[in-house]
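Residue-level structure breakdown
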Amino acid sequence: MLRILIAAAALSLSFVLTAPPVAAQAPATPPLFATTKVEGTENVYIFRYQNHQAMFIVTPAGVIATDPISYGRPQAAKVYIDEIRKITKAPIRYLIYSHHHDDHIAGGNLFKKEGAVIVAHRRAYERLFQRRNPDVILPDQIVDGQRTIILGGTRLDLVYTGRNHSDSTLVMFLPKEKIIFAVDFNSLGAMPSRLAVNDSYPEEWQASLKRTLGLAWERMIPGHPGPGGRLGTRKDMEQQLQVLTDISAEVKKASETGKCFDPATKEVRVPQHATLSNYEQNIEWVIHRWCGYWGRGI
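Overview of the structure. (Residues numbered from 1 in each chain as written. Predicted model: local features only at pLDDT ≥ 70, side-chain atom pairs only at ≥ 80, totals over all residues. Heavy atoms only, no water.)

Among the secondary structure elements, K178 is positioned in the loop between strand 10 (171-174) and strand 11 (179-182). Each residue touching K178, except ones within four places of it in the same chain, is listed here: F173, A216, W217, E218 and R219. (Helix = DSSP H or I, 4+ residues; strand = E, 2+ residues; numbered from the N terminus. Contact = heavy atoms within 4.5 Å.)

Here is the structure:
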């Protein structure tokens, strides 16, 4: 009997050790688009299409929409408007461009047909006028330093905090809700992407982050979904400022010893920030851009 029990135990142990592992479930694919109301607000919504996001605000007097996000996907603007119409039949009064890059602002023609007044920074107008992309509608009104829109009891401040990822970025600030919509110059827990730094303005970017932190906001709606779809925090922006500040200091030292662009792009690192998402993927691009500034003045 003892031999039988030992043999049975051995067989059981062998099964445990050799049984194939249970396959991990693949993460669920998010739907193509989604509209969500921002928690704790009465009228602020996020429209997401694939990996781009826009904010819109519903008031009794009409809707303030932002970024049509229809670059390479013309259907997105129609879906965006259809999603607004599920919530309200009020007219779309304004469409505000966050900055001049096509991936965020292409597709405004349908909003124009709805009667929206298109608003953007002066530099965005100048750049769009030069290019005349038929998919991007020229702004009707321009902003230099700051403008306030009050519609249906909601106040929205359009604030130019300086050059950063672009030279035409408007921060959209809802003072009552303490929310900003800020696009592409504040990555949430991540190293800035290669696209974010290609035509960026080192040092001025840091100054823009500081000015944006000077506004009395608590939550940030990003132009691309944050980790898990979460909103940004002041801590995220403080972290981004520190990342760029540390990179700038290290690249400046490398430049002073003649290492820009190479070997600085391979050698300069900020290991204290190595846990950031996409650190390895993007660090060389960021170093290269800051080398352009410190090493060539461009």
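Look at helix 8 (residues 234-256) against helix 10 (residues 279-296): their axes get within 9 Å of each other, and the N-to-C directions meet at 60°. As the angle between them shows, helix 8 and helix 10 are arranged oblique. Taken as a pair, helix 8 and helix 10 cross one another with a handedness that is right-handed. Here helix 8 contributes L244, I247, S248, V251, K252 and S255 to the contact with helix 10, which in turn contributes I283, V286, I287, W290, C291, W294 and G295. (Axes fitted to C-alpha atoms, helices over the stretch in contact; angles between N-to-C directions. Parallel < 35°, antiparallel > 145°, perpendicular 65-115°, else oblique. Left-handed = near helix turned anticlockwise from the far one by under 90°.)

One open sheet accounts for seven strands, arranged 1-2-3-4-5-6-7; its pairing is mixed. Every other strand in the sheet has two partners, leaving strand 1 (33-37) and strand 7 (141-143) as the edge strands with one partner each. Ignoring which end each strand starts from, the neighbouring axes of this sheet average 20° apart. The pairing of strand 1 with strand 2 (residues 44-49) spans five bridges and is antiparallel. In the sheet register, F33 faces strand 2, and the bridge partner there is Y49. Packing against the sheet, helix 2 (residues 75-87) makes contact with strand 1, strand 2, strand 3 (52-59), strand 4 (62-66) and strand 5 (92-96), and its axis sits at approximately 150° to strand 2. (Pairing = 2+ DSSP bridges.)

This part is about the sheet that holds strand 8 (residues 146-151). Strand order in this open sheet of six strands is 8-9-10-11-12-13, and the pairing throughout is mixed. Both outer strands of the open sheet, strand 8 and strand 13 (232-233), are each paired with one neighbouring strand and no more. Bridge analysis of strand 11 against strand 12 (residues 219-222) gives four bridges, and the strand direction is parallel. Following the sheet pairing, I180 is matched in strand 12 by M220.

The residue C291 is located in helix 10 in this model. Judged by relative accessible area, which is 0%, C291 ranks as buried. Placed 30 residues apart in sequence, C291 and F261 show a C-alpha to C-alpha distance of 5.7 Å. Setting aside chain neighbours within four positions, we find C291 in contact with V251, C260, F261, A264 and R296. (Buried < 20%, exposed > 50% of the residue type's maximum accessible area, 1.4 Å probe, protein only.)

In this structure, the largest pocket occupies an estimated 680 Å³ of space. Forming the boundary of the largest pocket are 31 residues, of which N51, D184, S187, S193 and H224 lie nearest the centre. When contributions to the lining of the largest pocket are tallied by element, the ones reaching two or more residues are helix 6 (194-197) and helix 10. The volume enclosed by the second largest pocket comes to roughly 320 Å³. For the second largest pocket, the lining is made up of 16 residues, of which T36, R48, Q53, P225 and G229 are closest to its centre. Secondary-structure elements contributing two or more residues to the lining of the second largest pocket are strand 1 and strand 2. (1 Å grid on protein atoms, 1.4 Å probe; cavity = no way out; pocket = protein on both sides within 12 Å on 5 of 7 lines; lining within 4 Å. Points joined across faces, edges and corners; volume = space filled by probe spheres on them.)

One finds I180, M191, W205, W217, I247, V251 and W290 to be the most contacted residues of the largest nonpolar core, which totals 35 residues. Those elements giving two or more residues to this core turn out to be strand 10, strand 11, helix 6, helix 7 (204-213), helix 8 and helix 10. If one sorts the elements of this core by residue count, helix 8 sits on top with seven residues. Beyond its immediate stretch of four places on either side in the chain, W217 contacts F173, K178, I179, I180, T212, G232, T233, R234 and M237. Core analysis: the next-biggest nonpolar cluster, separate from the first, contains 27 residues, V63, I118, A120 and A124 among them. (Core = buried A, V, L, I, M, F, W, Y, C linked by side-chain atoms within 4.5 Å.)

A word on the state of the cysteines. Evaluated as defined, the whole model comprises one disulfide. What pairs with C260 in a disulfide is C291, and their sulfur atoms sit 2.0 Å apart. Here the S-S torsion is close to -70°, and the disulfide linking C260 with C291 is therefore left-handed. Taken together, the positions of C260 in the loop between helix 8 and helix 9 (264-267) and C291 in helix 10 put the pair 31 residues apart, joining distant regions of the chain. A relative accessible area of 10% means that C260 is categorised as buried. (Disulfide = S-S within 2.5 Å.)

Let us look at the side chain of S200. On the secondary structure map, S200 appears in the loop between helix 6 and helix 7. Judged by relative accessible area, S200 falls into the buried class, the value being 1%. Among the polar contacts listed, one links the side chain of S200 to the backbone oxygen of V197, at a separation of 2.9 Å. If we skip the residues at most four places from it in the chain, S200 touches N164, H165, W205, R289 and W290. (Polar contact = N/O pair within 3.5 Å; in protein donor to acceptor, adjacent residues only side chain to side chain.)

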